[in-house]
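Analysis of the macromolecular model
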Amino acid sequence: MKTLTEIVVPQLAESLVNATIDKWLKQPGDWVDIYEPICEILTDKVNAELPSTVSGKLVKILVGNGETVPVGTPVCIIETEATGDAAEPAVQPASTEPAATTAGLAAIATDDDAPMRNRFSPAVQQLAAEHGVRLSDVSGTGLGGRITRKDVLAYVASSKHSAGASASPAASISIDPKAQVRSSGMHLSETPRIPKIEIESSTPGRGETFIDVTPMRNAIARNMRQSVSEIPHAWTMIEVDVTNLVVLRNKLKDEFMKREGINLTYLAFLLKAVVNAIKDYPIMNSTWAVDKIIVKRDINISLAVGTEDSVLTPVIKNADHKNVAGLAKEIDELARKTREGKLTLSDMQGGTFTVNNTGSFGSILSYPIINYPQAAILTFESIVKRPVVINDMIAVRSMANLCLSLDHRILDGVICGRFLQRVKDNLESFTLDSKLY
Amino acid sequence: MAVMDYIDAIRLAMKEEMERDEDVFVLGEDVGVKGGVFTTTKGLHEQFGELRAMDTPLAESAIAGVAIGAAMYGMKPIAEMQYSDFMFPATNQIISEAAKIRYRSNNDWTCPIVIRAPIGGGVFGGLYHSQCPESVFFGTPGLKIVAPYRPYDAKGLLKAAVRDEDPVIFFENKKCYKLVNGEVPEEDYIVPIGVANVLREGDDITVIGYSMPLRFVEQAAEELQQEGISAHILDLRTIQPLDKEAILEAVRKTGKVLIVHEDNKTGGVGAEVAAIIAEELLYELDAPIMRLCGPDVPAMPINPPGEKFFLLNKDKVKEAMKHLALY
């Protein structure tokens, strides 16, 4: 028994889609051995000889010299003796495959008895509801007798047609595809909404409003309460002549602003004076621990910085290592961070003594609450010009009050008096020759 | 208007962009002197010199990395991955760096690179020359991905990609290079990224796809027309971001949708398209959403029967389209 085998153009290179027959090496009637070249082919990438895939007699050339054909195209037919199994024709599967698939589809299509007759797709139900169609009246042409969307549309169109001009607005079955395209799926990119709770006043007309306590307010309240209830506060005040300091600052502030870009404040000088005094009286830098007093070696000054609705105490660490210019910079930095709400946890930790510049809001006298668990807090009040008696003469001097609240468990009047005296001496000893750096 | 091959349209786009803007340059393996293994960059070396058609070492991570650096410095690199299969050593640069630079720098920096990578099988290429890696990069915010099918779109999208401020992956199908041709204007034009295109109007079924398989879809649609089945074909063109409105509009036309791509089915682009349809258009569906994709096997086989099994062809597509139409 003889069979016919087609030789096809092979995929010689990856991007190759077609090839040109350059020259036939065999002619019809010639005997061809397996792997023997039958023709030469030219491609974009390579020129090659095309070997036969079978042994047999070349019976027909399908593509002539110089013709270009796509990869996979048969170029000749070789007649083989059906002795070996190598002669299995390559064309056969290709031709049977579509037949099998169409047969399969036919089988599906003719699987009658209409098992899908009553399974309605969402589209069908929607259309039926829209047009008031009873689906039992519609014949189904889909798989298993299913009523398709098109069946409903056709039914509507035909009934409209028979009903004549009665239908008007709904007649536009050709839905404008752009009309109702929704694009509203849920997406996590939307931030969840915070529910708003309306607080109804229980006593209308009383003119009261309620302000929710912020976490910040709550923390301030807790700390203040803990401080006043645990620490027995005592209070003392001293008056300082800062005339020289005022002169010094006025002399330096413009130059400093130019050089450093920040304000040279009195507070920086005060901090320097306080820190130096703490160095002489380290007990001021301590904490009550019931059976002992812990004296801290590091002098970390908590600086009370107020905003519209709160007060915070960011910390200048190792304040004794800094000169006046360095302190001025730190003050500026912390005040800015506080206003901008950019303080970090580390900015707030480790304070050992607190200074509050109460003069900045015009106070001349204040009774501060200790920043728990420290031992004392000092306030720097407004600088005011006052007549002062010096050597039995009256002079106009710039005066300021320093107020100190102290933990009376740790500190007593004498030590605090000495401490304040030292601060006073430090402040009054600033002269025009004092250096910032 | 000239009729040209897909590959020629890509080459023309690069040539025009390099002439237009001297910041544009190409880099990759063998893109210079040789002109690319597929001849995609042929002639660029002669015209623009070795600094603008730059041969690189065999290191895709370096190709992407150098391109990213140059882009951040103000250049407009077109980085070629010789085959998309070789792209994986560069995924870290592409996904963790290029895609995130704008976000990470709070809009201070952008990364206007184009990464061209040939995808697709059916070229007797086996494991390492046939992959479709769209799903690896798909769903990475910060990347745009285009995969044109027509030469017209290949040129227009590549030019749009070069001019885009953000990283764009340009997946060109290597089987399309010489096989697909069409009219391409020789003047300057762009095809906007993120806009799909209706290839054929019809009202029985909707077929959504991108790249090479659309050829089979078009052929099958032509044959099905004879049998009285009319197919509506949507070419996504851009797969990230997907043109959601166009997808919904196309599905709404027929209520029956088939999604076709060569990348394997699980986790592919079709899964996302199907999810969008399910989210938005449940009540307009007349049949289950169907997908015809590559099988979930690890790689394209090198043996011809295996390759044939793996790949889509006109008959497979036609059968699926017919099945959906009859549903």
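Residues numbered from 1 in each chain as written. Chains lettered and ligands numbered in written order. Predicted model: local features only at pLDDT ≥ 70, side-chain atom pairs only at ≥ 80, totals over all residues. Heavy atoms only, no water.

As a further point, take the side chain of B:E134. All names here are of chain B. When you line up the elements, E134 lands in helix α6 (residues 134-137). One buried charged side chain, E134, makes no salt bridge at all; its nearest oppositely charged neighbour is K174, positioned 9.4 Å away. Non-local contacts of E134, meaning those with residues more than four positions away in its chain, are made with I119, F171, Y210, I239, D263 and V269. (Helix = DSSP H or I, 4+ residues; strand = E, 2+ residues; numbered from the N terminus. Buried < 20%, exposed > 50% of the residue type's maximum accessible area, 1.4 Å probe, protein only. Lys, Arg positive; Asp, Glu negative; His and termini not counted. Salt bridge = Lys/Arg side-chain N within 4 Å of Asp/Glu carboxyl O. Contact = heavy atoms within 4.5 Å.)

Let us look at a nonpolar patch on the surface. Judged by side-chain polarity, A:W235, A:M237, A:I364, A:L365, A:Y367 and A:V384 come together as a nonpolar surface patch covering roughly 560 Å² of accessible area. Its location among the elements puts A:L365 in the loop between β15 (353-356) and β16 (376-390). (Patch = residues over 30% accessible without salt bridge, like charges linked within 9 Å, V, L, I, M, F, W, Y side chains within 5 Å. Areas by Shrake-Rupley, 256 points an atom, 1.4 Å probe, with all protein chains shown as cover.)

Turning next to the sheet that holds strand β3 (residues 31-32) of chain A. Residues and elements named next belong to chain A. Across the sheet, which stays open at both edges, the 4 strands sit in the order β1-β8-β6-β3 with antiparallel pairing between neighbours. Of all the strands in the sheet, the pair left with one neighbour each is β1 (2-8) and β3. Alignment of β3 against strand β6 (residues 56-61), held across 2 bridges, turns out to be antiparallel. Bridge pairing in β6 links V32 to G56. (Pairing = 2+ DSSP bridges.)

A few words now on the pairing of strand β5 (residues 114-119) of chain B. All names here are of chain B. Most of β5 is tucked away: 6 of the 6 residues are buried. A two-sided burial pattern is seen for β5, the buried positions comprising V114, R116 and P118 on one face and I115, A117 and I119 on the other. Sheet topology note: the strand β4 (residues 76-80)/β5 ladder contains 3 bridges and is parallel. What sits directly across from E80, in β5, is R116. Bridging between β5 and strand β7 (residues 168-173) involves 6 bridges; their strand directions are parallel. Note on β7: the bridge partner recorded for I119 is N173.

What follows deals with the sheet that holds strand β2 (residues 24-28) of chain B. The pairing of strands in a sheet comes from backbone hydrogen bonds and takes either a parallel or an antiparallel form. Residues and elements named next belong to chain B. Ordered by their spatial adjacency, 7 strands build an open sheet running β3-β2-β4-β5-β7-β6-β12, and the pairing between neighbours is mixed. Of all strands in the sheet, those with a lone pairing partner are β3 (53-55) and β12 (238-240), marking the two edges. Averaged over neighbouring strand pairs, the angle between their axes works out to 25° when direction is ignored. (Axes fitted to C-alpha atoms, helices over the stretch in contact; angles between N-to-C directions.)

A separate point is the confidence of the model for chain A. For chain A, per-residue confidence averages 82 on the pLDDT scale, and residues scoring 70 or more make up 81% of the total. The low-confidence segment residues 84-111 of chain A, where pLDDT is below 50, has 17 contacts with residues more than four positions distant or belonging to other chains. (pLDDT = per-residue confidence, 0-100.)

With that settled, consider empty space enclosed by the protein. All names here are of chain B. For the structure shown, the criterion picks out 1 cavity of 30 Å³ or more. When its volume is computed, the largest cavity comes out at roughly 30 Å³. Forming the boundary of the largest cavity are I119, C132, E134, N173, Y210, S211, P213, E262 and D263. Each residue belonging to the lining of the largest cavity can be placed in one class, and the counts come to 4 nonpolar, 2 polar and 3 charged. Among the domains, domain 1 (2-184) and domain 2 (197-326) are the pair contributing at least three residues each to the lining of the largest cavity. (1 Å grid on protein atoms, 1.4 Å probe; cavity = no way out; pocket = protein on both sides within 12 Å on 5 of 7 lines; lining within 4 Å. Points joined across faces, edges and corners; volume = space filled by probe spheres on them. Nonpolar A, V, L, I, M, F, W, Y, C, P; charged D, E, K, R; others polar. Domains from an automatic or database assignment.)

Turning our attention to the pattern of salt bridges. Residue and element names in this part refer to chain B. For the structure shown, the criterion picks out 45 salt bridges over all chains. The residue E16 makes a salt bridge to K159 at a minimum N-O spacing of 2.4 Å. Of this pair, E16 sits in helix α1 (residues 6-20) while K159 sits in helix α7 (residues 151-163); the two residues are 143 residues apart in sequence, bridging distant segments of the chain. When its relative accessible area of 13% is taken as the criterion, E16 is described as buried. Classification of K159 by relative accessible area gives buried; the value is 1%. Note that E280 and K244 form a salt bridge whose closest N and O atoms lie 3.6 Å from each other. Within this pair, whereas E280 is found in helix α11 (residues 269-280), its partner K244 is found in helix α10 (residues 244-254), the two being separated by 36 residues in sequence.

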